[in-house]
Amino acid sequence: MKISYNWLKLYVPEAPAPEKLTDIFNYHLCEVESITPLPSGEGAGGEGDWIFDLKILPNRAHDLLSYQGVARELASLLNIKYVDSTPKYKIPESKPTKLKIEIKTKNCRRYMGRIVRNVKIGSSPSWAVKHLESIGQRSINNLVDAANILMYDSGQPAHVFDLDKLTGGLIIRQAKKGEKITTLDNHNLELNETDMVVADFKISLGLAGIKGGKVAEVDMNTRNIII
């Protein structure tokens, strides 16, 4: 997993210098496969940055495949302050909705969705673009970028669907043998029963937790979404 030093320091401002942090990772957390300096003007924050490529082993994937997870572990190891970002979130009042979500596979224990209306699609602010580019991801638009930053930041996969392109609600189920889907990066896939999908009441919308599909893609005409 690629970790931006500047992004990480948003959670642990007292983190040691990159060279020392490399030793801490190697001896106490996981192997550092590489560390790459970025020149001024690149990386999260806009100034120079360092990108760590961490080899997270499977037994630590549940808590270390995210910035918050790595930051919490460092804060504990070094006995330094962890900055919790939760108080900064602005959550608007929720209104009753008829969004239907059905789970029809034992491989998914919980799935949450929320409708947001009257959104405006556009470019992301420069800080968001630099955050994503620092770890090798490209900026797409403000909503897709927000979902991707959330995923890398918290370890929670998230996706944004265009509400007006859906039929009915959402169903989380196993794919049908031979079922086909075109992903957001234009790959045509033929699925089987071992693949789990997020679907509406007619067709598959994406591979659950992996890649969204073109069917309900957010574009410049999108006005209402499901997160």
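Up top is the structure these notes are about.
Here's what I pulled together on the structure shown here. Not measured: the values here are computed from a predicted model.

1. Looking at the environment of glycine 209
Working step 1: When you line up the elements, glycine 209 lands in the loop between strand E11 (204-207) and strand E12 (211-212).
Working step 2: You can call glycine 209 exposed: its relative accessible area is 55%.

2. Some thoughts on the sheet that holds strand E1 (residues 2-4)
Sheets are built from strands paired through backbone hydrogen bonds, the pairs being either parallel or antiparallel.
Working step 1: With antiparallel pairing, three strands are arranged side by side in an open sheet as E1-E3-E2. Looking at the sheet topology across the chains shown, the edges are occupied by E1 and strand E2 (31-38). Between one strand axis and the next, the sheet turns by 25° as a mean value, whatever way the strands run.
Working step 2: Here E1 pairs with strand E3 (residues 49-55) via three bridges, running antiparallel. In the strand pairing of E3, isoleucine 3 is matched with phenylalanine 52.

3. What about the pairing of strand E10 (residues 196-199)?
Two faces, one strand: in a regular strand the side chains alternate between the faces of the sheet.
Working step 1: Where strand E7 (residues 170-174) and E10 come together, four bridges link them in antiparallel fashion. Across the sheet, the residue bridging to isoleucine 171 is alanine 199, located in E10.
Working step 2: Where E10 meets E11, three bridges bridge the pair, whose relative direction is antiparallel. Its bridge partner lying in E11, valine 198 is registered against glycine 206.
Working step 3: Between E10 and E11, which pair antiparallel in sequence order, lie four residues.

4. Describing the packing of helix H5 (residues 126-134) against helix H6 (residues 142-154)
Working step 1: The interhelical angle for the contact between H5 and H6, taken along N-to-C directions, is 50°, at an axis separation of 10 Å. Compared by their axis directions, H5 and H6 come out oblique. Judged by the twist between their axes, the crossing of H5 over H6 is left-handed. The segment H5 lies against H6, with Trp127, Ala128 and Leu132 engaging Asp145, Asn148 and Ile149.

5. Thoughts on the nonpolar core
Working step 1: Within the largest apolar cluster, 29 residues are counted, with the highest numbers of intra-cluster contacts made by Ile3, Leu8, Phe25, Phe52, Leu54, Tyr67 and Val70.
Working step 2: If you list the elements that add at least two residues to this core, you get helix H1 (5-8), helix H2 (18-28), E3, helix H4 (67-78) and H5.
Working step 3: Here tyrosine 67 is in contact with Met1, Lys2, Ile3, Ser4, Trp7, Leu8, Tyr11, Ile135, Tyr152 and Asp153, once residues within four sequence places are set aside.
Working step 4: Among the nonpolar cores identified, the runner-up in size contains 12 residues, and Cys108, Ile172, Ala216 and Ile226 belong to it.

6. Quick look at the packing of H2 against H4
Working step 1: Relative to each other, H2 and H4 sit at 90°, their axes nearing to 12 Å. Taken together, H2 and H4 sit at an angle that is classed as roughly perpendicular. Touching Leu21, Ile24, Phe25 and His28 of H2 are Val70, Leu74, Leu77 and Leu78, all from H4.
Working step 2: A per-class count over the contact of H2 with H4 returns seven nonpolar, one polar and no charged.

Rules of the game
- Every chain is numbered on its own, with residues counted from 1 as its sequence reads.
- Only residues with pLDDT of 70 or above have their local features reported here, since the model is predicted, and side-chain atom pairs are shown and tallied only from 80 upward, although totals for entire chains, interfaces and linings are computed over all residues.
- Remark: hydrogens and water are excluded; side-chain values derive from all non-hydrogen atoms of the structure.
- Helix and strand definitions follow DSSP, with helices as H or I runs of at least four residues and strands as E runs of at least two, each counted in order from the N terminus.
- Burial classes follow relative accessibility: with a 1.4 Å probe on protein chains only, a residue under 20% of its type's maximum area counts as buried, one over 50% as exposed, and anything between as partly exposed.
- Strand pairing is assigned whenever DSSP identifies at least 2 bridges connecting the two strands.
- Between N-to-C directions, angles cover 0 to 180 degrees, with each direction set by a line fitted to C-alpha atoms, over the stretch in contact for helices.
- Every angle not falling under 35 degrees, over 145, or within 65 to 115 is termed oblique; those three ranges are roughly parallel, roughly antiparallel and roughly perpendicular.
- The hand of a helix crossing depends on one turn: near helix anticlockwise from the far one by less than a right angle means left-handed, and clockwise means right-handed.
- Should any heavy atoms of two residues lie within 4.5 Å, those residues are considered in contact.
- Only buried Ala, Val, Leu, Ile, Met, Phe, Trp, Tyr and Cys residues count toward a nonpolar core, and they belong to the same one when joined by side-chain atoms within 4.5 Å.
- For this classification, the nonpolar set comprises Ala, Val, Leu, Ile, Met, Phe, Trp, Tyr, Cys and Pro, the charged set comprises Asp, Glu, Lys and Arg, and every other residue, Gly included, is treated as polar.

The values reported here are purely geometric and, on their own, carry no functional implication.
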